[in-house]
Amino acid sequence: MTRTMILGCGFAAAALAGSSASAGTSGDAIFASDFDAAAWVQGYYVGYERDLYPIDAVDFGALTHLMVGRVRPLADGSVTHDFDIDDVNGPIWAQATVDAAHAAGRKAILMVGGAGEIDGWRAAAGLHRDALVANLLAVMDQFGFEGLDLDWEPLEDTDHADFQALAETLRADRPGMLMTVPVGWINTNFQTSDAWYGTIAPLFDRINVMTYDMAGPWDGWQSWHNSALSGASPTTPSSVVTSVTFYLTSGVPTSRLGIGSAFYGYCWQGVTGPLQDGGSLSVGNETLSYATIIDDYYSPSLRQWDATASVPYLSSAAPIGAGACNFVSYEDEQSIAAKGYYARAHNLGGVIIWTIGEGHLADRPPGQQDPLLEAIRTAFLQ
């Protein structure tokens, strides 16, 4: 059941005096006494990828927060406990993951939801909010998480009231916990601002823009990059810069706004680069992990740099790899450096990574297995 009244914005502002969100970037003390980063690097680490990147190999020096995924909200307000593994081994893995983060002097945040879970979110937050809140806090406490990441996708206009009420209830019940939310990138042809995001911003320590999956063979679009920093146009209406502008214009403070980095890419067929007509994605719109791109697709002769978008890509008239790709859109050390420079220049709150496991090169010598994470460390933490 829902609470008898939805708490309004006035409550949110008043409650923040005792919450971790009230202090912005200084409100969270990282566990390690010698580590206090203004920018957050939040790396998603999910159960179904546990074999890609064993927890004892994770480079915590490049992270501030480990985003552990996931639990799923169910329609009755309960949540799953299998962490996309199973009900026995999932909790064991989750506890070991949280313990490893703490041993490294970093914090762990519980990812809730994700793509495909919208029906559970809507039913639970709308009809069984008290039960959902109680169950989320119970799981958080059981494993020792410092907070929650409310991954409600898609977060549509009709969801705003229930989402805000849920966030306000969680903040009221646990004022000092960390709370973050990933939000969608913006199509510049249709949106310029939405003041609602400014309204909810005080409830969250970070509002992170998922600045990836920002292109496809859609009506009116030309081929474009998965995560372009800049260069948006009417036929390629997406970029980190334009999405950040939207949320800042909507009232989200710079220090609480994060951007996204994708440790995976897309395989295009029928086009050899950006700004071309008639391309398609590989069968099933399959993404390629960075590790797969480097091992099976990359060669120096194929790499191009788009100076307008500030991202690399692979280009080949002849199909390459198992995906028979002509254009592979991905991220590398140079594009991460560009994102970090942009984020620092605009005093943004940091970056999220989906997912750290996809960037791990297990067959490389120690010290060379995580080039993207090392680039993240340099760009955002040093």
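Please read all numbers here as calculations on a predicted model, not as lab measurements. (Residues numbered from 1 in each chain as written. Predicted model: local features only at pLDDT ≥ 70, side-chain atom pairs only at ≥ 80, totals over all residues. Heavy atoms only, no water.)

**Side note on the packing of aromatic side chains**
The description of an aromatic ring pair uses the distance of the two centres, along with the angle that the planes make with each other. Per the counting criterion, the structure on display carries 20 aromatic pairs. Between W121 and W152 the ring centres are 5.2 Å apart and the planes differ by 20 degrees, which places this aromatic pair in the stacked class. You can see W121 sitting in helix α3 (residues 118-127) and its partner W152 sitting in the loop between β4 (147-151) and α5 (160-173), a full 31 residues away along the chain. Considered together, W121 and W152 belong to a single accessibility category, that of buried residues. Residues Y197 and Y247 carry aromatic rings whose centres are separated by 5.0 Å and whose planes lie at 85 degrees to one another, so their mutual orientation is edge-to-face. Taken as a pair, Y197 in helix α6 (residues 195-200) and Y247 in helix α7 (residues 240-249) lie far apart in primary sequence, 50 residues in all. Looking at Y247, the relative accessible area reads 1%, which means it is buried. An aromatic cluster is defined as three or more aromatic residues linked by ring pairs; in this entry it consists of W121, W152, F163, W196, Y197, F204, F246 and Y247. Of note, R206 hangs over the ring of W40, and the distance from its end group to the ring centre comes to 4.1 Å. (Phe/Tyr/Trp six-rings, centres within 6.5 Å; stacked < 30°, edge-to-face > 60°. Helix = DSSP H or I, 4+ residues; strand = E, 2+ residues; numbered from the N terminus. Buried < 20%, exposed > 50% of the residue type's maximum accessible area, 1.4 Å probe, protein only. Lys NZ or Arg CZ within 6 Å of the ring centre and 35° of its normal.)

**Quick notes on the sheet that holds strand β5 (residues 178-184)**
As summarised here, the arrangement of the eight strands in space is β1-β2-β3-β4-β5-β6-β7-β14, forming a closed barrel in which the pairing is parallel. Ignoring strand direction, the axes of neighbouring strands in this sheet form an average angle of 30 degrees. When strand β3 (residues 107-113) meets β4, the two strands line up parallel, connected through five bridges. Counted as the bridge partner of M111 is D149 from β4. Most of the contacts of α7 go to strand β7 (residues 257-262), to which it runs at about 155 degrees, and overall it touches β5, β6 (206-210) and β7. (Pairing = 2+ DSSP bridges. Axes fitted to C-alpha atoms, helices over the stretch in contact; angles between N-to-C directions. Contact = heavy atoms within 4.5 Å.)

**Observations concerning unusual backbone geometry**
Between G69 and R70 the backbone carries a cis peptide bond, its omega angle lying at -5 degrees. By secondary structure assignment, the location of R70 is in strand β2 (residues 65-71). Omega for the bond connecting E153 with P154 falls within 30 degrees of zero, at -10 degrees, which places this linkage in the cis form. By the secondary structure assignment, P154 is in the loop between β4 and α5. Backbone geometry at F83 places phi at a positive 50 degrees, although glycine is not the residue there.

**Quick look at the packing of helix α9 (residues 333-345) against helix α10 (residues 371-381)**
The contact between α9 and α10 brings their axes to 8 Å, and the two run at 20 degrees. Viewed along their axes, α9 and α10 adopt a mutual orientation that is roughly parallel. Once α9 is placed against α10, the crossing between them reads as right-handed. In this structure, α9 uses E333, I336, A337, K339, G340, A343 and R344 to contact α10, whose residues at the interface are P371, L372, A375, I376, T378, A379, F380 and L381. (Parallel < 35°, antiparallel > 145°, perpendicular 65-115°, else oblique. Left-handed = near helix turned anticlockwise from the far one by under 90°.)

**Here's the deal with the confidence of the model for the protein**
Here the protein averages 91 in pLDDT, and 90% of its residues register 70 or above. A low-confidence stretch, residues 1-27 stays under pLDDT 50, and its non-local contacts, those more than four residues away or across chains, total 54 contacts. (pLDDT = per-residue confidence, 0-100.)

**What to know about the pattern of salt bridges**
For the structure on display, the rule yields 13 salt bridges. Residue R122 pairs with D159 through a salt bridge whose shortest N-O separation is 2.8 Å. Within this pair, whereas R122 is found in helix α3, its partner D159 is found in the loop between β4 and α5, the two being separated by 37 residues in sequence. By relative accessible area, R122 is classed as partly exposed at 31%. Looking at D159, the relative accessible area reads 4%, which means it is buried. Where R171 meets D205, a salt bridge forms, and the shortest distance between an N and an O atom there is 3.3 Å. In this pair, R171 is assigned in helix α5 and D205 in the loop between α6 and β6, connecting sequence segments 34 residues apart. With relative accessibility at 0%, the residue R171 sits in the buried group. The class of D205 is buried, set by a relative accessible area of 1%. Connected via shared salt-bridge partners are R70, R72, D82, D84 and E117. (Salt bridge = Lys/Arg side-chain N within 4 Å of Asp/Glu carboxyl O.)

**Some words on the environment of A62**
The topology assignment puts A62 in the loop between β1 (40-46) and β2. For the pair formed by A62 and G43, sequence separation is 19 residues and the distance between their alpha carbons is 9.0 Å. If sequence neighbours within four positions are ignored, A62 has contacts with V41, L373, I376, R377 and L381.

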